[in-house]
Every structure is written in structure tokens, then in C-alpha cells.
Amino acid sequence: MIKRISYLGLGTMGSGMASNLLKAGYEFTVWNRSAEKCKPFARKGARVAETPTDAVRDIDLVIYMLSNDEAVEEVVFGAKGILRGIKEGQIAIDMSTVLPATSLREQEAFAKRGVDFLDAPVFGSKQEAAKAKLWIMAAGNKAIFEKVKPVLEKLGQTVHYFGKNGNATAMKLVGNLIVALELEALSEGLVLAQKAGLDLNAVMEVVKVADFRSPLLVSNGQNILKRDFSTSFALKLMLKDAGLIEKFGESLKSPIPALRVVEKNLASAVDLGFGKENASALIKALEKQAGVEVNARRR
């Protein structure tokens, strides 16, 4: 039974996920590159680790969600990384969005130390992380998956097993490809509706009910009309993920022509200074080209 957990990475997603695990009553350790983010957890009884190496001391399970492959390289493989301290019999779960090749490299390194490893990225953003409503995918040894599943269920509304290591990170990139294309379609559609002089509130009423509806289109569309780009998932991270999807697609010789269009628009929006805003700020690059601002109050 899992009793002692370390959580590394207290960013937009991680802070909510770690809070839910702390509430669940596990003996809890946290680490973050910026120690300031650890203070709220310390006040609630969590131990604050000085390094990733220290974070895996006397625990059953270490979970980490980091911003990119480079951060995983440092936190897992670095001089003060997890691999310097983790021991046989412990379990590691990487919930980051990274290349499947990175997950496989982690699995190989952990196996040499007698440590079981799962890649377990998630779908959802800040709100779902805080409310334990994420959709979680996991890959690796099935018996270990079953052992940690009760922990993952404290974080998400569904947990899906994908077989061998690397498959969950592959599914994450497949899903994020779909998300990127949906955001592009939404942005192009709303800009076109604005240029056509349509009532944008009426447009969104159709988006809510038509056969192409989706929660992502509805929530992002409503926020765009309010000009609310507060960050649930940062635009710059969507651009990072687009780069991962491109590398992954190329490695499998799988065509991704539409992604290259989205990637160009994401890069344009980041260059315009919107990288820290929500991924829906992608629309601002298209608005600039069109010479309009999509706003329900302006027609």
C-alpha cells in the first residue's frame, strides 16, 4: 500500500494535484525549483525537500510533472536528481508531457536501480487539476499500475491503462494534436464570423449544441468573447507540445500537415508577446492578420 508520496513540480497543474494528494492524507513531501511555492504545503504539514535527490528519501512513490523534456533531464538525471537517491522497491511516475523516447529512457534508468516506472500524463488544465477531475493515462507494468491506481484516482475522474511504457506519452501527444487543431479551428471560425458581421453570442449558442460541439470549443469560445485569456494552459506550452508532436510524427513518418499551420500561428502569437496567456490567445495572431478583434460587445 502506498503511504508516503513525494510530489515534484508545483506549477499551474502541479499545485492543484499536490493539494489533492495532501488532502487525501498521505505522508507528503514536496519539491519545486522555486521554494516559495512549497510554503503553503509546509504550512499544511508537508515536508519540503531541498533537492530532487532529497525528495525521494523514505517514500514509497515519487510523482513529478515538469514543463518539458529538458526539465525532466535535470530533475531525473541531473547531479541532484531523482536517480541519485531513489532505491530498489520505490516507484516513480512521470506525469509530464514529453516525447515517448524520453519516457523509455527514464524507464531504462529506473529499472537499473530496481525501481518501477510509469509514464502517466493527463488531459485537463488548471481547473480540472484543482478539482481532481483530470483524465489520466498510464503505461508500464500492469501490476504496478494497479498498485498506484488508487493514488491516481485521487487526481482524476478517469484513469486509462495503455500497456507498455511510452504508450501513455504517445497518447498524450495524439490528444494534444487534436486540441491544437480544435483551437485553430475555433480561432479561424470566430475571426471569420467577426469579419462577416455575425452576432458572436448567437454563433456560440450554435457551437454549444451543433454536432461539432465539444467542451473545449465551448469554454474557450466563451472566454475569447469575454477577452479572458487567463492561463489554464499557457500558449508557450502549447507551442512546445506542437514541437514534440512534430518530432513524434516525423519519427513515425505519419503526416501532420495541419499541425504545421497551427504551429506557425502559435509561434506568431508567442512572438507578439502572448506566450504566458492561455493557449486560446492563439486567436490574437489571426486577429492581427484580419485587422479585427473578436469580441461579443463589438460588431
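(A) The overall build of the chain, seen in detail. Broken down by element type, the chain carries 13 helices and nine strands. Viewed in the frame of its principal axes, the chain has a C-alpha envelope of about 65 × 45 × 35 Å. In the chain, of all internal contacts separated by at least 6 residues, the share reaching a separation of at least 24 is 67%. Accessible area of the chain: about 14100 Å², with a carbon and sulfur share of 53%. Between the mean site of the 42 positive side-chain charges and the mean site of the 34 negative ones, the chain shows a separation of 4 Å.

(B) Fine view of the sheet that holds strand β8 (residues 134–138). With mixed pairing, the three strands of this open sheet are ordered in space as β7-β8-β9. Looking at the sheet topology across the chains shown, the edges are occupied by β7 (122–123) and β9 (156–161). Here β7 runs beside β8; their pairing, made up of two bridges, is antiparallel. Each bridged residue has a counterpart across the sheet, and for V122 the counterpart in β8 is I136. Taken strand by strand, helix α7 (residues 142–152) contacts β8 and β9, and its axis lies near 175° from that of β9.

(C) Summary view of the side chain of N278. Here N278 is to be found in the loop between α12 (257–274) and α13 (283–290). Engagement of the side chain of N278 in a polar contact is seen with the side chain of N220, the distance being 3.3 Å.

(D) Fine view of helix α5 (residues 100–111). Its twelve residues place the ends of α5 16 Å apart at the C-alpha level, agreeing with the 16 Å of an ideal helix rising 1.5 Å per residue. Turning to α5, its buried residues number three or more, namely P100, T102, S103, E106, A109 and F110. Turning to α5, the residues buried within the fold contact β4 (61–64), α4 (69–77), β5 (91–94), β6 (116–119), α8 (167–195) and α11 (235–251).

(E) Main features of the environment of K236. Structurally, K236 can be placed in helix α11. With a relative accessible area of 43%, K236 lands in the partly exposed category. Leave out the neighbours within four places in its chain, and K236 touches V270, G275 and K276.

(F) A look at the pairing of β5. Here β5 shows two buried faces, one formed by I91 and I93 and the other by A92 and D94. Pairing analysis gives four bridges linking β4 to β5, with the strands arranged parallel. The partner of Y64 across the bridge, within β5, is D94. In this view, the connection linking β4 to its parallel neighbour β5 by way of α4 has right-handed handedness. In this structure, β5 lies alongside β6, joined through four bridges in parallel fashion. For A92, the partnering residue across the bridge sits in β6 and is F117. The handedness of the β5 to β6 crossover, carried by α5, is right-handed.

Rules behind the numbers
Residues numbered from 1 in each chain as written. Predicted model: local features only at pLDDT ≥ 70, side-chain atom pairs only at ≥ 80, totals over all residues. Heavy atoms only, no water. Helix = DSSP H or I, 4+ residues; strand = E, 2+ residues; numbered from the N terminus. Contact = heavy atoms within 4.5 Å. Areas by Shrake-Rupley, 256 points an atom, 1.4 Å probe, with all protein chains shown as cover. Lys, Arg positive; Asp, Glu negative; His and termini not counted. Charge placed at Lys NZ, Arg CZ, Asp CG, Glu CD. Pairing = 2+ DSSP bridges. Axes fitted to C-alpha atoms, helices over the stretch in contact; angles between N-to-C directions. Polar contact = N/O pair within 3.5 Å; in protein donor to acceptor, adjacent residues only side chain to side chain. Expected span 1.5 Å × (residues − 1). Buried < 20%, exposed > 50% of the residue type's maximum accessible area, 1.4 Å probe, protein only. Right-handed = clockwise from strand over helix to strand, strands pointing away.

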